[in-house]
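Descriptive analysis of the structure
Each chain is listed here by its residues.
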Amino acid sequence: MAETLSLNQFAPNVPLAGMYVYLANLPQLHNVIVASTVTSTTPLAAGAIVTLDSTSANTNAPIAKQAAVTDTIFGVITYNPIKSTYVGGDRIAIARDGDVVWLPAAAAVNVGAELYFNALNQVTSTVTAGNSIVGKALTKASAAGDLIQVELGFKTTEAGT
């Protein structure tokens, strides 16, 4: 069963994917719109790693969709206690470079490791040439599914390195 945050709670009891680690007044984009290609059968959720939709003609706001592991990363959808999934046309808030969020690990991860991500939006320290880098592990994961603190720092890598 997924953990949830009660709207009457002042602070979370457990970390949740996409939740900010430090609740400082960090700037975040709230005017990002989910691409129309995102449907209720494959919605986006907190912790999803997104890229800009280059096919969008919208001139008023950035349009985001799920990032493939080789895409340039735009941000990570942040946790929202009111809404847990998002489809085309929904507005979302995202964490950007330098922010620190909780993300699930795909396997054991050491502190300080450079992190990649997989199709399930889990982070891994397994080096994969051509895949985008999400950031750096600030805490350790002992096993798959552990939530770790990730300092976001988006980079793309070369296919041969």
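Throughout this document, residue positions are counted from 1 along each chain, in the order its sequence is written. Totals for whole chains, interfaces and linings use all residues, but because this is a predicted model, local features are given only for residues with pLDDT of at least 70 and pairs of side-chain atoms are given and counted only at 80 or more. Heavy atoms throughout the structure, all of them, feed into the side-chain values; hydrogens and water do not.

**Some details on the overall build of the chain**
The way it works is that DSSP assigns letters per residue, a run of H or I at least four long becomes a helix, a run of E at least two long becomes a strand, and they are numbered from the N terminus. A tally of regular secondary structure across the chain gives zero helices and twelve strands. Helices (α) and strands (β) of the chain occur, in sequence order from the N terminus, as β-β-β-β-β-β-β-β-β-β-β-β. Looking at the chain as a whole, 39% of its 161 residues are labelled buried. Only the protein chains shown count as cover for residues, and the accessible areas themselves come from Shrake-Rupley with a 1.4 Å probe. Counting every atom, the chain has about 8,600 Å² of accessible surface; 54% of that belongs to carbon and sulfur. Burial here depends on accessible area, computed with a 1.4 Å probe over protein chains only, as a share of the maximum for the residue type. Under 20% is buried, over 50% is exposed, and the range in between is partly exposed.

**Focus: the environment of isoleucine 49**
Position of isoleucine 49 relative to the elements: it lies in strand β3 (residues 49-52). By relative accessible area, isoleucine 49 is classed as buried at 0%. In this structure, the C-alpha to C-alpha distance between isoleucine 49 and glycine 18, residues 31 residues apart in sequence, is 9.4 Å.

**Some points on the sheet that holds strand β8 (residues 100-104)**
Strand pairing within a sheet occurs via backbone hydrogen bonds; the two strands may be parallel or antiparallel. Between any two strands, at least two bridges found by DSSP are needed for them to pair. Taken in spatial order, the five strands make up an open sheet running β8-β12-β11-β9-β10, and their pairing is antiparallel. Across the chains shown, the open sheet's two edge strands, defined by having one partner strand only, are β8 and β10 (123-124). By the bridge criterion, five bridges tie β8 to strand β12 (residues 147-155) in an arrangement that is antiparallel. Paired with proline 104 across the bridge in β12 is leucine 147.

**Observations regarding the pattern of salt bridges**
Any Lys or Arg side-chain nitrogen located within 4 Å of an Asp or Glu carboxyl oxygen qualifies as a salt bridge. For the structure shown, the criterion picks out three salt bridges. When the shortest N-O distance is used, the salt bridge between glutamate 151 and lysine 136 registers 3.9 Å. One end of the pair, glutamate 151, is in strand β12; the other, lysine 136, is in strand β11 (residues 133-137), with 15 residues separating them in the sequence.

**Considering the nonpolar core**
Where a protein is soluble and globular, its nonpolar side chains tend to be buried together. We call a set of buried Ala, Val, Leu, Ile, Met, Phe, Trp, Tyr and Cys residues a nonpolar core when their side-chain atoms join them within 4.5 Å. If you look at the biggest cluster of nonpolar residues, it comprises 20 residues, and the most contacted ones within it are Leu103, Val109, Val134, Ile148, Val150 and Leu152. Put simply, the parts of the chain that give this core at least two residues each are β8, β9 (114-117), β11 and β12. The biggest single contributor to this core is β12, with four residues. The contact definition used throughout considers only heavy atoms, calling two residues in contact when any of these lie within 4.5 Å. Setting aside chain neighbours within four positions, we find leucine 103 in contact with Gly18, Gly47, Val76, Val123, Val134, Asp146, Leu147, Ile148, Val150 and Leu152. Of all hydrophobic cores here, the second largest spans 16 residues; its members include Val32, Leu44, Ala48 and Ala64.

**Concerning the side chain of threonine 124**
Mapping threonine 124 onto the fold places it in strand β10. N or O atoms closer than or at 3.5 Å make up a polar contact, with two conditions inside protein: a donor-capable atom paired with an acceptor-capable one, and, for residues adjacent in sequence, both atoms drawn from side chains. For threonine 124, the side chain forms a polar contact with the main-chain nitrogen of threonine 126, separated by 3.1 Å. Each residue touching threonine 124, except ones within four places of it in the same chain, is listed here: Ala106, Glu114, Leu115 and Tyr116.

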